[in-house]
There are 2 protein chains.
Amino acid sequence: MNNTNLLLSIAVLGGTGKEGKGLAYRWARAGYHVRIGSRTAEKAIAAANEIKEMLGDGVSVEGMSNLEAAHNSDIAVLTVPYSAHRDTLESVKDELKGKILVDVTVPLVPPKVATVQMPAAGSAAQEAKQILGDDVQVCAAFQNIGHDHLLGDSEVECDVLVTGSSKDARAETIKLVEATGLRGWDAGPIENSMVIEGLTSILIGINKKYGSTHAGIKITGAQHQ
Amino acid sequence: MNNTNLLLSIAVLGGTGKEGKGLAYRWARAGYHVRIGSRTAEKAIAAANEIKEMLGDGVSVEGMSNLEAAHNSDIAVLTVPYSAHRDTLESVKDELKGKILVDVTVPLVPPKVATVQMPAAGSAAQEAKQILGDDVQVCAAFQNIGHDHLLGDSEVECDVLVTGSSKDARAETIKLVEATGLRGWDAGPIENSMVIEGLTSILIGINKKYGSTHAGIKITGAQHQ
């Protein structure tokens, strides 16, 4: 990692859930400045303290409101349940202008969470792009990662397929993926995000049918150059 | 494999292309009765002869028209380019009643074959179900397998995600997958087929970006019981 990356501030919006806290942990561990955001700043502060206790005081992780986190970041990551997706994005929209938003949301529709059901925009990430407009680059990543393994140092046996609204934004997002210790792949334009979001439903179904708890995917037959 | 499987007749409709011929080869090798279908019976006969030359006269593989192949089969597999998808299905519809149709079609839209673009029905397999109606069970499988490796005995490093309109039909299709030497997974209802069809576009994009020729996927973290 170079110094440019070390200086990056990452907002993890809705970062008090398991997925967000796990990602925040891994980026703090990698030397990024992490701002955990939440609708309630107190919850975000508690999550930040939990990570500091795990990693020691040397790491840079703070809790604050989603709005403050978005404001104080170079790049923002959204880790909320789909039901809070639109409202959260609308609340931070102005603070994201000129930045990249990495959407981790999977549009699961209970109770049929093992059936692929996409929103009218095509996918959650495409919906985010519609909400945020042309001033924000939107990428999507981490949708298939079981949150159980992120908060800690165990190896996660699942690749991350990264889609996004520009090649440069995807390249920046892949850097963030690799900083968590996972393998990231450029999976093409944001239209392709429906496949990766939908894959989560298939993996949930496989867990149910085959008695596993953390089914994932790996890309075979290709290598990073 | 038990005797019931050995007696099954499989029609490979549009089976003169690389994918169809490769699948026909593997099922003939496994002891199935394979009927290769084509719009032109002569082409199908030539493809069948090619497979017999590779495997010896002991195998059961014949070439004929798509209509005859569908008629003389217990289960049918469709391996045509998307442009021939609807016409081929309509031409054999009556012969498929009471059977399973396994759709291998990926709805690629040139020139943007690395961008996911699904038909109005949701996916090629859902379109097949619409065309064939309630009398035919439709499954989808093999969409991510590079055809280069099927015609021959090399190991294919890619799993097969099987979706379909009933659990029983998916179980039958998984048997066919395993007979080719590949690992098959129950990936849920036919609505999920869009994910697997779309994954092919992502793998095409990965091949282009990472200089590979046969990117595939493997399910991790779960095991067959």
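The rules behind the values
Residues numbered from 1 in each chain as written. Chains lettered and ligands numbered in written order. Predicted model: local features only at pLDDT ≥ 70, side-chain atom pairs only at ≥ 80, totals over all residues. Heavy atoms only, no water. Contact = heavy atoms within 4.5 Å. Buried area = accessible area lost by both parts, 1.4 Å probe. Salt bridge = Lys/Arg side-chain N within 4 Å of Asp/Glu carboxyl O. Polar contact = N/O pair within 3.5 Å; in protein donor to acceptor, adjacent residues only side chain to side chain. Helix = DSSP H or I, 4+ residues; strand = E, 2+ residues; numbered from the N terminus. Nonpolar A, V, L, I, M, F, W, Y, C, P; charged D, E, K, R; others polar. Pairing = 2+ DSSP bridges. Expected span 1.5 Å × (residues − 1). Buried < 20%, exposed > 50% of the residue type's maximum accessible area, 1.4 Å probe, protein only. Least-squares fit on C-alpha atoms with pLDDT ≥ 70 in both. Axes fitted to C-alpha atoms, helices over the stretch in contact; angles between N-to-C directions. Parallel < 35°, antiparallel > 145°, perpendicular 65-115°, else oblique. Left-handed = near helix turned anticlockwise from the far one by under 90°. 1 Å grid on protein atoms, 1.4 Å probe; cavity = no way out; pocket = protein on both sides within 12 Å on 5 of 7 lines; lining within 4 Å. Points joined across faces, edges and corners; volume = space filled by probe spheres on them.

(A) Spotlight on the interface of chain B and chain A. Of the residues lining the interface, 38 residues belong to chain B; the matching set on chain A comes to 38 residues. In total, about 3100 Å² of surface goes out of reach between chain B and chain A, with carbon and sulfur atoms giving 63% of it. Considering only the side of chain B, the residues that lose the most area to chain A are V195, Y210 and T220 of chain B, jointly responsible for 22% of the buried surface there. Between D186 of chain B and K209 of chain A there is a salt bridge; the shortest N-O distance is 3.6 Å. Summed over the shared surface of chain B and chain A, the result is eleven residue pairs in polar contact (both at pLDDT 80 or more). The element that contributes the greatest number of residues to the side of chain B that touches chain A is helix α8 (residues 193–210) of chain B, accounting for ten residues. Looking at the side of chain B that touches chain A residue by residue, the classes come out as 19 nonpolar, 14 polar and five charged. With five bridges connecting them, strand β9 (residues 216–220) of chain A and strand β9 (residues 216–220) of chain B associate as antiparallel partners. Bridging from a neighbouring strand, I219 of chain A pairs with I217 of chain B of β9 of chain B.

(B) Representation of helix α2 (residues 18–29) of chain B in the model. All names here are of chain B. Helix length check: α2 (twelve residues) gives 16 Å between terminal C-alpha atoms against 16 Å at 1.5 Å per residue, within 8%. Buried within α2 are the following residues: E19, G20, K21, G22, L23, A24, Y25, R26, W27 and A28. Where α2 is buried, its residues contact β1 (9–13), β2 (33–38), α3 (41–55), β3 (61–65), β4 (75–78) and α7 (167–179). The first or second residue beyond α2 is G31, which carries a positive phi of 100°.

(C) View of the relation of the copies chain B and chain A. The two copies are related by a screw motion: chain B maps onto chain A through a turn of 180° and a shift of 0.0 Å along the axis, at an RMSD of 0.0 Å. Look at the turn and shift together and you get a two-fold axis relating the two. Of the C-alpha atoms belonging to chain B, the one lying closest to the rotation axis is found on V195 of chain B, 2.3 Å away. A shared binding surface is used by both copies, with 100% of the interface residues of chain B retained as interface residues in chain A.

(D) Layout of the pattern of salt bridges. In this structure the tally under the stated criterion is 18 salt bridges over all chains. A salt bridge links R170 of chain B to D186 of chain B; its shortest N-O distance comes to 2.8 Å. Note that R170 of chain B is positioned in helix α7 and D186 of chain B in strand β8 (residues 184–189), a separation of 16 residues in sequence. In the salt-bridge network here, residues are joined through shared partners; they are R86, E90 and E127 of chain A.

(E) Quick look at the packing of helix α5 (residues 85–92) of chain B against helix α6 (residues 124–132) of chain B. All names here are of chain B. As a packed pair, α5 and α6 sit with axes 10 Å apart at the nearest point and diverge in direction by 30°. The pairing of α5 with α6 is recorded here as roughly parallel in orientation. Handedness of the α5/α6 crossing: right-handed. On the side of α5, the interface is formed by H85, R86, L89 and E90, while α6 contributes A124, E127, A128, I131 and L132. Its residues placed into classes, the contact of α5 with α6 shows five nonpolar, one polar and three charged.

(F) Highlighting the sheet that holds strand β5 (residues 100–103) of chain B. Residues and elements named next belong to chain B. As summarised here, the arrangement of the eight strands in space is β3-β2-β1-β4-β5-β6-β7-β8, forming an open sheet in which the pairing is mixed. Pairing within the sheet leaves two strands with one partner each, and these edge strands are β3 and β8. For this sheet, the mean inter-axis angle between neighbouring strands, taken without regard to orientation, is 25°. Relative to β3, β2 runs parallel, the two being bridged by five bridges.

(G) Spotlight on empty space enclosed by the protein. Residues and elements named next belong to chain A. Enumeration over the complete set of coordinates arrives at one cavity of 30 Å³ or more. Its boundaries defined by the atoms lining it, the largest cavity holds a volume of some 50 Å³. Around the largest cavity, the lining is made up of 13 residues, and of these P107, L108, T115, Q117 and S201 lie nearest the centre. The residue inventory of the lining of the largest cavity, partitioned by class, reads seven nonpolar, four polar and two charged.

(H) Seen up close, unusual backbone geometry. All names here are of chain A. In this model, P110 is joined to P111 through a cis peptide bond whose omega is 5°. By the secondary structure assignment, P111 is in the loop between β5 (100–103) and α6 (124–132). Phi at F142 takes a positive value of approximately 70°, unusual for a residue other than glycine.

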